Amino acid sequence: VAAALYDPGGIKILEYPNRDFEVLEISSPIQITGTYTLEMHSLERTATRRYELKLHSLTSITEADCRDSEARQAMARAESLRANWTAISLEQAARQYDNAAQIWITAGDFTNGSRAVLRAGDINFLLNRYEDALKQFQNAFTLARANGDSVVQAKALSRIARLHSYRGDNDR
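Throughout what follows, the structure given in this document is the object of discussion.

What counts and how
- Residues numbered from 1 in each chain as written.
- Predicted model: local features only at pLDDT ≥ 70, side-chain atom pairs only at ≥ 80, totals over all residues.
- Heavy atoms only, no water.
- Axes fitted to C-alpha atoms, helices over the stretch in contact; angles between N-to-C directions.
- Helix = DSSP H or I, 4+ residues; strand = E, 2+ residues; numbered from the N terminus.
- Parallel < 35°, antiparallel > 145°, perpendicular 65-115°, else oblique.
- Left-handed = near helix turned anticlockwise from the far one by under 90°.
- Contact = heavy atoms within 4.5 Å.
- Nonpolar A, V, L, I, M, F, W, Y, C, P; charged D, E, K, R; others polar.
- Pairing = 2+ DSSP bridges.
- Salt bridge = Lys/Arg side-chain N within 4 Å of Asp/Glu carboxyl O.
- Buried < 20%, exposed > 50% of the residue type's maximum accessible area, 1.4 Å probe, protein only.

### A word on the packing of helix H1 (residues 63-84) against helix H3 (residues 110-126)
Running from amino to carboxyl end, H1 crosses H3 at an angle of 20 degrees, the nearest separation of the two axes being 12 Å. As far as their axial angle goes, H3 and H1 are roughly parallel. Once H1 is placed against H3, the crossing between them reads as left-handed. Residue-level contacts link Arg72, Met75, Glu79 and Arg82 of H1 to Asn112, Ala116, Arg119, Asp122, Ile123 and Leu126 of H3. Grouping the amino acids of the contact of H1 with H3 by side-chain chemistry returns four nonpolar, one polar and five charged.

The following block contains the structure:
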């Protein structure tokens, strides 16, 4: 699913193409009063999909909310850059994933931090930087285990196994 958020003037303030078939959380501190538009659509062009949209009530923005929003926006930028599929955009996406991971890990949000580290590892794998990818997959596993996130643990182990297999190191 892909989502885009527009401010009252029609300017796109957030774009997030999500290819991971998981819940898409969008958070954006609102600076201007008015009507915002959220567009969502399937990345599959041949199918009609149903979506569930949950909105949380407005609250005062805390410093933690601003940091979380900053990390989510870094993830959204990374996903958009990744979709461009050039060496330069993939490099930029990896930096955005690392930035998001660092923000979340510093804040103690190991679930989101581990997911960002996992995606940065995916980019390093695509760019043939296997040692960096392995370190990130291992780090994602450690973070996910500390938080009890079995889904990210499984994804990290799967990617570690794929990397070893890809390199012909099947004894690990």
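Don't stop here, the text continues.
### Section: the sheet that holds strand E3 (residues 37-41)
On the basis of which strands lie adjacent, the open sheet formed by three strands has the order E2-E1-E3 and antiparallel pairing. This sheet does not close on itself; its edge strands, each paired only once, are strand E2 (12-17) and E3. The mean inter-strand angle of the sheet, taken between neighbouring strand axes irrespective of direction, is 10 degrees. For strand E1 (residues 2-6) and E3, the ladder comprises five bridges, and the chain directions are antiparallel. Of the residues in E3, the one forming a bridge with Leu5 is Leu38.

### Focus on the pattern of salt bridges
According to the stated counting rule, one finds seven salt bridges in the structure shown. Arg67 is paired through a salt bridge with Glu70; the nearest N and O atoms lie 2.9 Å apart. Within this pair, Arg67 and its partner Glu70 are both found in helix H1, separated by three residues, close to a single helical turn. Overall, the relative accessible area of 34% leaves Arg67 in the partly exposed class. Judged by its relative accessible area of 32%, Glu70 falls in the partly exposed class. Measuring nitrogen to oxygen at the nearest pair gives 2.6 Å for the salt bridge that ties Asp122 to Arg159. Of this pair, Asp122 sits in helix H3 while Arg159 sits in helix H5 (residues 150-166); the two residues are 37 residues apart in sequence, bridging distant segments of the chain. Note on Arg159: relative accessible area 19%, which makes it buried.

### Focus on the packing of H3 against H5
Interaxial distance between H3 and H5 falls to 10 Å at its minimum, and their mutual angle equals 15 degrees. Considering the angle they form, H3 stands roughly parallel to H5. Here H3 and H5 pass one another in a crossing that is left-handed. Taking contact as the criterion, the partners of Ser114, Arg115, Leu118, Asp122 and Phe125 in H3 are, on H5, Val152, Lys155, Ala156, Arg159, Arg162, Leu163 and Tyr166. Residue composition of the contact of H3 with H5, by class: six nonpolar, one polar and five charged.

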